[in-house]
Amino acid sequence: MRLPVLELDKITFYYGDRMVLDQVSLTVFSGDFLGIVGPNGSGKSTLLKIIAGLLKPAEGSMRFFGARRENSRRETRIGYVAQNVTSFNQGFPATVGETVLAGLTASLGLLRRPGRREKRLVDETLASVGLADLQKRLIGELSGGQQQRVFIARALVAAPALLLLDEPTVGVDVDAKERFYELLTALRQERGLTLLMVSHDVGVVAEQVQSIACLNKKLFFHGSPAQFWTEDALCQAYGSAIRLLHHGDH
Ligand SMILES: Nc1ncnc2c1ncn2[C@@H]1O[C@H](COP(=O)(O)OP(=O)(O)OP(=O)(O)O)[C@@H](O)[C@H]1O
Ligand SMILES: [Mg+2]
């Protein structure tokens, strides 16, 4: 039986007095690859930040591996790659290796210096994303797609069970996109990683993922890609019909 990695129960979130998430309930099982789609401003990034523990919902509860968030060591079990992560780092004076090593600081603590074990983990992680040769290069000298991989490596180095990716393929060319999805497939197979990815690329996402969630403040749909097309979930979430899929229907 597959275990639930993540259970969101009626998550509601406000920025100031503006509600951007309305009672979102969602369960993600171990080994799943879930794609989250929805129009601009529909709350996708906000939802990911809540799952990553960076924002606190006004209402609702969240469980990881069956435990409430407060009681689980989420730092080491959840990896998070933010939207536009690469655009802030063009002039950042760090090497690829240093950036990935920073992903271990949570488990390492601030006072301990990295030892041989940490360096080996960085080597292995860079190799797994196909960047073994670039370890000594400065981040700013890499292409957008390569930088994207560095930040995925930084999230992976602490061996998370759940990886959150916010629009990871924006600005990446078709070839690199294909390689990127191959990398995700390999990571799922080798590490048993559970993946949650936000994307606007609905057609591509539907081909890649095992299940799709359609968000626009509320959760309009959660099901298989096949159901997604037949139920016309896209139109609903993007604004025409208002038929909601109630929790428990899927
Ligand atoms: N820090 C913030 N303070 C106030 N409002 C915010 C903040 N961040 C986002 N919002 C608003 O909350 C809503 C949801 O934003 P969010 O970034 O979650 O959307 P999104 O679905 O990720 O959009 P996109 O597809 O454009 O990335 C938007 O209306 C946005 O303007
Ligand atoms: Mg976003």
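To start, this report covers the structure provided alongside it. (Residues numbered from 1 in each chain as written. Chains lettered and ligands numbered in written order. Predicted model: local features only at pLDDT ≥ 70, side-chain atom pairs only at ≥ 80, totals over all residues.)

**Observations regarding the sheet that holds strand β10 (residues 218-223)**
Hydrogen bonds between backbone atoms are what pair the strands of a sheet, whose relative direction is either parallel or antiparallel. With mixed pairing, the 6 strands of this open sheet are ordered in space as β6-β7-β8-β3-β9-β10. Edge positions in the sheet fall to β6 (78-81) and β10, since each has one partner strand and no second. Shown here is a sheet whose adjacent strand axes are inclined to one another by a mean of 15°, direction ignored. Direction of pairing for strand β7 (residues 162-166) relative to strand β8 (residues 194-198): parallel, over a ladder of 5 bridges. If you follow Leu165 over to β8, its bridge partner there is Met197. (Pairing = 2+ DSSP bridges. Helix = DSSP H or I, 4+ residues; strand = E, 2+ residues; numbered from the N terminus. Axes fitted to C-alpha atoms, helices over the stretch in contact; angles between N-to-C directions.)

**Some thoughts on unusual backbone geometry**
Here the phi dihedral of Lys10 falls at roughly 50°; this positive angle occurs in a residue that is not glycine. Mapped onto the secondary structure, Lys10 falls in strand β1 (residues 4-15). Although it is not a glycine, Ala159 sits at a positive phi angle of roughly 50°. Structurally, Ala159 can be placed in the loop between α6 (144-156) and β7.

**What to know about the site of ligand 1**
Residues in contact with ligand 1, as listed here, are Tyr15, Val20, Gly38, Asn40, Gly41, Ser42, Gly43, Lys44, Ser45, Thr46 and Gln83. A total of 3 residues in the shell around ligand 1 trace back to one element, the largest contributor, which is helix α1 (residues 44-52). When grouped by side-chain class, the residues that make up the shell around ligand 1 number 2 nonpolar, 8 polar and 1 charged. (Near = placed C-beta within 6 Å. Nonpolar A, V, L, I, M, F, W, Y, C, P; charged D, E, K, R; others polar.)

**Observations concerning helix α5 (residues 116-128)**
For α5, spanning 13 residues, the distance from its first C-alpha to its last is 18 Å, which sits close to the expected 18 Å at 1.5 Å a residue. Close packing links the buried residues of α5 with α3 (96-102) and α6. Count one or two residues on from α5 and you reach Gly130, which has phi positive near 75°. (Expected span 1.5 Å × (residues − 1). Contact = placed C-beta atoms within 7 Å.)

**Here's the deal with the pairing of β7**
Most of β7 sits inside the fold, with 5 of its 5 residues counted as buried. Summarising the sheet, β6 and β7 pair through 4 bridges and their orientation is parallel. Its bridge partner being in β7, Gly79 is matched across the sheet by Leu163. After leaving β7, the chain enters helix α7 (residues 174-191) and then returns to the sheet as β8, a path that is right-handed. (Buried ≥ 20, exposed ≤ 12 C-beta atoms within 10 Å, placed from the backbone. Right-handed = clockwise from strand over helix to strand, strands pointing away.)

**Overview of α6**
Between its terminal C-alpha atoms α6 stretches 18 Å, which fits the 18 Å expected from 13 residues at 1.5 Å a residue. Buried within α6 are the following residues: Gln147, Gln148, Arg149, Val150, Phe151, Ile152, Ala153, Arg154, Ala155 and Leu156. On the buried face of α6, the contacting elements are β6, α3, α5 and β7.

**Here we look at the pairing of strand β2 (residues 18-29)**
Successive side chains on a regular strand alternate, one facing one side of the sheet and the next facing the other. Both β1 and β2 contribute to a ladder of 8 bridges, which runs antiparallel. Counterpart to Leu6 in the pairing with β2 is Val28. From the end of β1 to the start of β2, which pair antiparallel, there are 2 residues, and Gly16 there has a positive phi angle of about 65°.

**Brief notes about the nonpolar core**
Ala153, Leu164, Leu195 and Ala213 are the most contacted members of the largest nonpolar core, which has 61 residues in total. By residue number, the principal contributor to this core is α6, which donates 6 residues. Apart from residues no more than four positions distant in its own chain, Ala153 is found in contact with Val100, Thr125, Leu126, Val129 and Leu131. (Core = buried A, V, L, I, M, F, W, Y, C linked by C-beta atoms within 7 Å.)

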